Amino acid sequence: MRDPIGIFDSGVGGLTVAKEIAQILPNRDLIYFGDIAHLPYGDKSRSAIQEYSTRICDFLIAKNCNDIVIACNTASAFAYQTLRRKYPEVNIYNVIDPVAKYVATNFKSESVGVIGTKGTIGSRIYPKKIKAIDDSISVKSLATPLFVPLIEEGLFKTTISKAIIKKYLSVKSLSDIKCLILGCTHYPMIQSEIQEYYKGNVEIINSAKIVAQSISEYLEPQKGVSGSMEVFVSDTTTAFEKNARRFFGSKINLTKVDL
Ligand code: DGL
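Caption draft 1: Quick look at the overall build of the chain. When its secondary structure is counted, the chain shows 11 helices and 10 strands. Considering only residue pairs separated by 6 or more positions, the chain has 77% of its internal contacts joining residues 24 or more positions apart. Counting only carbon and sulfur atoms, one obtains 51% of the accessible surface of the chain, whose full area is about 11,300 Å². Charge centroids of the chain, computed over 32 positive and 26 negative side chains, lie 5 Å from each other.

Caption draft 2: Up close: the nonpolar core. In this structure, Phe-8, Ile-115, Phe-147, Leu-180 and Ile-194 are the most contacted members of the largest nonpolar core, which totals 96 residues. Phe-8 has contacts with Phe-33, Ser-53, Ile-56, Cys-57, Leu-60, Ile-68, Val-69, Ile-70, Ala-71, Cys-72, Ala-75 and Leu-83, leaving out every residue within four places of it along the chain.

Caption draft 3: Molecular detail of the state of the cysteines. Tallied over the entire structure, the rule returns zero disulfides. You can see Cys-57 has no disulfide; the closest cysteine sulfur is in Cys-65, sitting 9.2 Å from it.

Caption draft 4: Structural view of the environment of Leu-219. Here Leu-219 is to be found in the loop between α10 (207–216) and β9 (229–233). When its relative accessible area of 6% is taken as the criterion, Leu-219 is described as buried. Each C-alpha atom, one on Leu-219 and one on Asn-91, is 9.6 Å from the other, the two residues being 128 residues apart in sequence. Not counting the four nearest positions on each side in its chain, Leu-219 is found in contact with Ile-5, Leu-25, Arg-28, Asp-67 and Tyr-93.

Caption draft 5: Geometry of the pairing of strand β8 (residues 203–206). The pairing of strand β7 (residues 179–182) with β8 spans four bridges and is classified as parallel. Considered in β8, the bridge of Leu-182 is made with Asn-206. Each parallel crossover has a hand, and the one from β7 via helix α9 (residues 191–198) to β8 is right-handed.

Caption draft 6: Spatial organisation of the pairing of strand β5 (residues 111–116). Most of β5 is tucked away, with six of its six residues classed as buried. Every second residue of β5 is oriented toward a common face, with Ser-111, Gly-113 and Ile-115 on one face and Val-112, Val-114 and Gly-116 on the other, all of them buried. For β5 and strand β6 (residues 138–143), the ladder comprises six bridges, and the chain directions are parallel. When the bridges of β6 are listed, Ser-111 appears paired with Ser-138. In this sheet, β7 lies alongside β5 in parallel orientation, the contact comprising four bridges. Residue pairing in the sheet places Gly-113 in a bridge with Leu-180 of β7.

Caption draft 7: Structural context of the pattern of salt bridges. Taken as a whole and assessed by the stated rule, the structure comprises 10 salt bridges. When the shortest N-O distance is used, the salt bridge between Lys-209 and Glu-20 registers 3.4 Å. With a gap of 189 residues between them, Lys-209 in helix α10 and Glu-20 in helix α1 (residues 14–24) connect regions that are remote in the sequence. Using a relative accessible area of 15% as the deciding quantity, one classes Glu-20 as buried. Of the charged contacts, one joins Asp-176 and Lys-140 as a salt bridge, the two residues approaching to 3.0 Å between their closest N and O atoms. Of this pair, Asp-176 sits in the loop between α8 (159–169) and β7 while Lys-140 is found in strand β6, placing the two residues 36 residues apart along the sequence. Each of Lys-162, Glu-193 and Glu-196 takes part in salt bridges that share partners, so that together they form one network.

What counts as what
- Residues numbered from 1 in each chain as written.
- Predicted model: local features only at pLDDT ≥ 70, side-chain atom pairs only at ≥ 80, totals over all residues.
- Heavy atoms only, no water.
- Helix = DSSP H or I, 4+ residues; strand = E, 2+ residues; numbered from the N terminus.
- Contact = heavy atoms within 4.5 Å.
- Areas by Shrake-Rupley, 256 points an atom, 1.4 Å probe, with all protein chains shown as cover.
- Lys, Arg positive; Asp, Glu negative; His and termini not counted.
- Charge placed at Lys NZ, Arg CZ, Asp CG, Glu CD.
- Core = buried A, V, L, I, M, F, W, Y, C linked by side-chain atoms within 4.5 Å.
- Buried < 20%, exposed > 50% of the residue type's maximum accessible area, 1.4 Å probe, protein only.
- Disulfide = S-S within 2.5 Å.
- Pairing = 2+ DSSP bridges.
- Right-handed = clockwise from strand over helix to strand, strands pointing away.
- Salt bridge = Lys/Arg side-chain N within 4 Å of Asp/Glu carboxyl O.

Here you go:
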């Protein structure tokens, strides 16, 4: 019986997580859902995100997914508990807990930064989760809402991306951090530019890698299948298609569905 891993995000960001999972578990089938019709999630209300996430989970469960990865920090912050209560028979994973654990273990008594959408940062979920494990860590948070549209448009490694990165990251509150958590699954796509900005003085925490590593410990490596990747979207844009193909190659198959 086919048993794919369901992965979802508002757009291409969750592909950073899907790619890491595909690398660690090459024999598992993956179904990715990009909720392009409702992108960006970062500006939406908690109830809207819960509603979108529930519809996506219904869709993925109908496709036989018993494991679902919320590959989006905003949906992890706003909808994880709701989804766990609604689908007790499904294993649901969020992208925040593994990163909070990693940072709390490796940066004791340090000052750490986190950047993300307005929703994620406004929820204060990172400071809450990190401090619940180790209260000696000081967490500096900054909403960086222009990064998602920039990435969805594929405008990385341009003068625009460099200027926006500089504008955001030069704020005084982030000046003494030892590491910076990329608290949005889109952001690994501009990781090298962020790294360049810090000139190696700040460790950049790519949540996609940490999350995939942590989740893969709970997932069976093989379920007698081929390691395929199906991508569903709630709307189609050429930017999404281009980004998705850049990530997974031209064999990727996009299907539009109305949820
Ligand atoms: N990639 C998402 C996140 O991790 C959502 C970004 C957005 O749609 O605003 O928060």
